[in-house]
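Structural characterization, general
These are the residues of each chain, in order.
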Amino acid sequence: MLIELTDVRKAFNQGKPNEFWAIQGITTQFEVNRISCLKGASGSGKTTLMSMIGCLSRPTSGRIRLQDRTISSLPERFLTQVRRHTFGFIFQRFNLIPGLSVVENIMLPAYPLGLKASSLRNRADRLLEQFLLADKSDNPVEWLSGGEAQRVAICRALINDPQILIADEPTANLDSRLSREFMALLDELSKSGKTVLISSHDPVVFDSPVVDRVVELEDGVMVAGET
Amino acid sequence: MITILRKQRYFIDYTLGTMMRHKGKSLGLLSVYTMIIFMLASVMLFSHAMRSEAVALLADSPEIIVQRIQAGRSVMVPAEYLQRIGKLRGVTEKRGRLWGYYYDPAVKANYTVMVSEQDNLSINDIVIGAGIARTRGLSVGDYLTLRSHEGKAFSFRVVRLLESESELISSDLLLISSVGYRRLFGIDESYYTDLVLSVRNPREIQKIAEKLTRLLPDSRPILRAEILRTYESLFSWRQGVMLILLLGSVLAFVIFAWDKASGLSAEERKEIGILKAVGWETGEVMRMKFWEGVIISLMAFLIGYLAAYLHVFYTSAGLFEPVLKGWSVLYPSFQLTPSVDGLQLATLFFFTVLPYTLATIVPVWRASITDPDLVMR
Amino acid sequence: MLNPAILVLLMVSIIISTMLLVAATFAFRILRHWDIQSGSELQLRLERRTYLVSTLLIWAFLFEFLSLLLFIYNAESLSGQFVGAMCATGVLNLNPWGWPTLFLKIAMFFVSAIWLVLNYLDNRGYDYPLIRFKYALLLLALPLVVAETIVQWLHFTEMEPNLITSCCGTLFSADAQGISAEVSGITPAKSIVTLAISAILVIAAGVWVALRGRSGWLLSIMGAAAFVIALLAIISSISLYIYEHPHHHCPFCILKQGHGYVGYFLYIPLFLATALSLSAGFVSPWRKIVSLSQTVAEMLPVISWLALFFFIQFYLTAAWSVWVSRLTMMEVWW
């Protein structure tokens, strides 16, 4: 197993009248080299859960283990270090920084690693080629179409060569043809050895044949998808 | 180590790019910052240069000046005082000086009149300062007419103009011969304006001054060291007062910087959120913002200080003229000798960069702790 | 005294005190509520606030260091305004607050250096093992800073321009009374030999700590001793060679332009070296903590080599100023 969650809970506005438990005790595991999908309506807690798995935030209680390391009690400084070597993120709205060129956006996650400029640039160029963006490399990201922006976001997620890819509602801004293309890309990545975790309420995603496992969430609890 | 340096380079690159993308904001901040440094630096450079000018001038002056005091006012010194002083151990030279002021109603200004020994002037010769030459429209060979104490007109021929190198002092200066001086002001051979003594060994000055007050009870010895001390504290006091007045503007700048740093647009906030989400750490975002501060401060400091330097030493502090001149009407168009002082630079740094840094720490921190999962919500 | 540099020094010390007060209130909260295992929102807030507080402290300590330099430089330049003062000694002698200000500033310099090293170390342990220790130490530093602010305020506000002060010639002379006189009275031969011995010991300790990667306290003790001995040697003999005058013992006149600012080349490496060797003793005990052991193993040699580098720089400068001096002290030596 790769990721192990034990009774994970997350509260917001703790101790205030509007206290709210977004995740209320989830225990499960995610395996290596699979495509798993978190399914649920908006507000079901899937994004919160994804952000905890992806080291973007810490659970209020419970334990998350990544391989043999407990990450749920790491302070942010070290959580970030784990995150940038292990996880690549693809966001719903792509979240590219306008005003920067395609290649600059892709290299952004690698800046804090202090790599040699030329080898970083090479790595970005290889990814751009792989995703058929080589001729767009110096364009500002505002000029890209939806599908291209999605592919740039994938390149950015891959720049630090992470083991695990996390995609949050990746198809929300894509039409069904582009969505299916995206799923095919994920399948390729999975075959090349990446573990993929998607959150979605889009049937194109969770009914896709490439998805190995679907976990369903409702109001912060798992209702289906035990292995 | 190399990795750390490379990391900083990436941060600098990134922050430069960000500043270019938000040009309006960066330029606004930079220009206000530069203005503040320009003002403070001008004040400091100007008063420092004035002080060093005065000190340089005093360097050649004699160690002790003896004045005669009668009824609490200084009066002419009888020439026989030189004999009464006699031989004092340690005094290498003693002589009487003649000088005074002349009010010229034509230009409503006071000239300083001094007797020059070196120039070998004849009774009708005169050397004038550039200020007088300008206002009276005189050049070498022209005649300058002064009214003597009896009301008679005295014409002097201008033989030379004083170089404007130290025009601050010499602008309103007239040099004439001692005979001419005595005729003009009606002072006979037995009087001097004051006496000056040169002393080689600085340790003996105090002793000699004590002996002088004993030998000549109605005299007042003025020590060069005392004048220097007075100058020093006067100038640094003046500078301090100016700075306190300018402190208000520094404070306004601090509030402005705080406001600029904390008033992040939604776009900038999202940008930081993205950085956090893709793997930048709070400390690294702060580092990036730190470099922004360094770049802004450095540029403002360099531009502001350079502008102040040019302002003070090449336009002769043109902007301060009305405030600072306080000399006679013959405001000298002087060129101050450029001088930069380490203490002054450090002081200026503390007065500007420190407040700016402090003003930005909290806003920068606030921006940097943006939740990394913000972009997913 | 409305001198700009004085205004700056007063302003800086008040700002630093305020910053440390803010940090101290936070330190109390850390001591009470810190629990790294918890994911509660309080804990998350505390963790985020550590970024702010340590940034504040880094700046505060940096400015503290700069203000030490400015203080000495300013005392030098003020000396022209007081009867009898030829250098910083005279200005510090003006009232009873001058010397305490200087000593407090020096103490603060060492404390801040140690704190910064500890902070750097702690930030590399994934469970922040030193956080309580670090903030407790900060609470101890607070009174130092506040005392410095008050004493410095008194020093600058009670400067009487007409007061006749005594300068280095009288304070640092073998015929006078007090510690400074006794120090000046040490014979050059004795002080130079002691300096050489302390140099050998501190270098040996540094090499040992750097190679073995433990027992940093050894370097701390040797470094502190070498620091004191070096200061005594500067007063009792090195200054004589720099001034080329057999009876001028002042530790400040060497900062003057007339002596090529050689004092800065002596004092800055010496102070840096001492600060580094003191912090070595604060780093090495944490070797046994799991999350820190690797960082300690990496850091301790770096600190030790750096300390040695600055110590050697100091010794070479000192040796050089004796070597080029035209002063020969035959009768004193033999």
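Here the structure is a predicted model, which means the values were calculated and not measured. (Residues numbered from 1 in each chain as written. Chains lettered and ligands numbered in written order. Predicted model: local features only at pLDDT ≥ 70, side-chain atom pairs only at ≥ 80, totals over all residues. Heavy atoms only, no water.)

**So, the interface of chain B and chain A**
The criterion, for reference: In what follows, a contact means two residues having at least one pair of non-hydrogen atoms within 4.5 Å. Two parts placed together each lose some accessible area under a 1.4 Å probe, and the buried area is that loss summed for both. For this analysis, a salt bridge means a side-chain nitrogen from Lys or Arg found within 4 Å of a carboxyl oxygen belonging to Asp or Glu. Distance and chemistry together define a polar contact, namely a pair of N or O atoms within 3.5 Å, with one atom able to donate a hydrogen and the other to accept it when in protein, and with adjacent residues in sequence counting only for side-chain atoms on both sides. Runs of H or I in DSSP of at least four residues are treated as helices and runs of E of at least two as strands, each being numbered from the N terminus. Note on residue categories: nonpolar means Ala, Val, Leu, Ile, Met, Phe, Trp, Tyr, Cys or Pro, charged means Asp, Glu, Lys or Arg, and polar means any other residue, Gly included.
Listed per partner, the contact involves 25 residues of chain B and 32 residues of chain A. Interface of chain B and chain A: buried area, both sides summed, is about 2600 Å²; carbon and sulfur atoms make up 60% of it. Residue A:Glu76 is joined to B:Lys276 by a salt bridge in which the shortest nitrogen-to-oxygen separation is 3.4 Å. Across the chain B-chain A interface, the total number found is 13 residue pairs in polar contact (both at pLDDT 80 or more). Contributions of two or more residues to the side of chain B that touches chain A are made by helix 1 (2-21), helix 9 (266-278) and helix 10 (282-313) of chain B. With eight residues, helix 1 of chain B is the single largest residue contributor to the side of chain B that touches chain A. Within the side of chain B that touches chain A, the residues separate by chemical class into 11 nonpolar, three polar and 11 charged.

**Considerations on the domain arrangement of chain B**
Basically, it comes down to this: Domain boundaries shown here were taken from an automatic or database domain assignment.
Structurally, chain B comprises domain 1 (7-58 + 236-376) and domain 2 (62-232). Each of domain 1 of chain B and domain 2 of chain B was reduced to a C-alpha centroid, and the two centroids are 47 Å apart.

**Side note on empty space enclosed by the protein**
Short version of the rule: The way it works is a 1 Å grid over only the protein atoms, where trapped points that fit a 1.4 Å probe form a cavity and open points with protein on both sides within 12 Å along at least five of seven lines form a pocket, and then any residue with an atom within 4 Å of a point lines it. Grid points are joined across faces, edges and corners, and a volume is the space filled by probe spheres set on the points.
One pass over the full model with this rule turns up three cavities of 30 Å³ or more. Lining the largest cavity are A:Arg83, A:Arg84, A:Phe87, A:Gly88, A:Phe89, A:Pro109, A:Arg156, A:Ala157, A:Asn160, B:Val278 and B:Gly279. Contributions of two or more residues to the lining of the largest cavity are made by helix 2 (76-86), strand 6 (87-90) and helix 5 (146-158) of chain A. With three residues, strand 6 of chain A is the single largest residue contributor to the lining of the largest cavity. Across the lining of the largest cavity, the residue classes tally to five nonpolar, three polar and three charged. The computed volume of the second largest cavity comes to approximately 70 Å³. Contributing to the lining of the second largest cavity are B:Tyr14, B:Thr18, B:His22, B:Leu264, B:Glu268, B:Glu271, B:Ile272, B:Leu275, B:Met288 and B:Lys289. When contributions to the lining of the second largest cavity are tallied by element, the ones reaching two or more residues are helix 1, helix 9 and helix 10 of chain B.

**Examining the domain arrangement of chain C**
Residue and element names in this part refer to chain C. Examined at the domain level, chain C breaks down into domain 1 (1-166) and domain 2 (167-334). With centres defined by C-alpha atoms, the gap from domain 1 to domain 2 works out at 24 Å. With 34 residues of domain 1 at the contact, the number on the domain 2 side is 30 residues. Its largest share of buried area at the contact with domain 2, domain 1 owes to Phe-110, Ile-114 and Leu-121, together 22% of the area lost on that side. On inspection of domain 1 and its partner domain 2, the count reaches zero salt bridges. At the boundary of domain 1 and domain 2, one finds one residue pair in polar contact (both at pLDDT 80 or more). Going through the elements one at a time, helix 2 (41-78), helix 3 (88-92) and helix 4 (98-122) are the ones with two or more residues in the side of domain 1 that touches domain 2. Sort the elements by how many residues they give to the side of domain 1 that touches domain 2 and helix 4 lands first, with 11 residues. The class makeup of the residues in the side of domain 1 that touches domain 2 is 23 nonpolar, eight polar and three charged.

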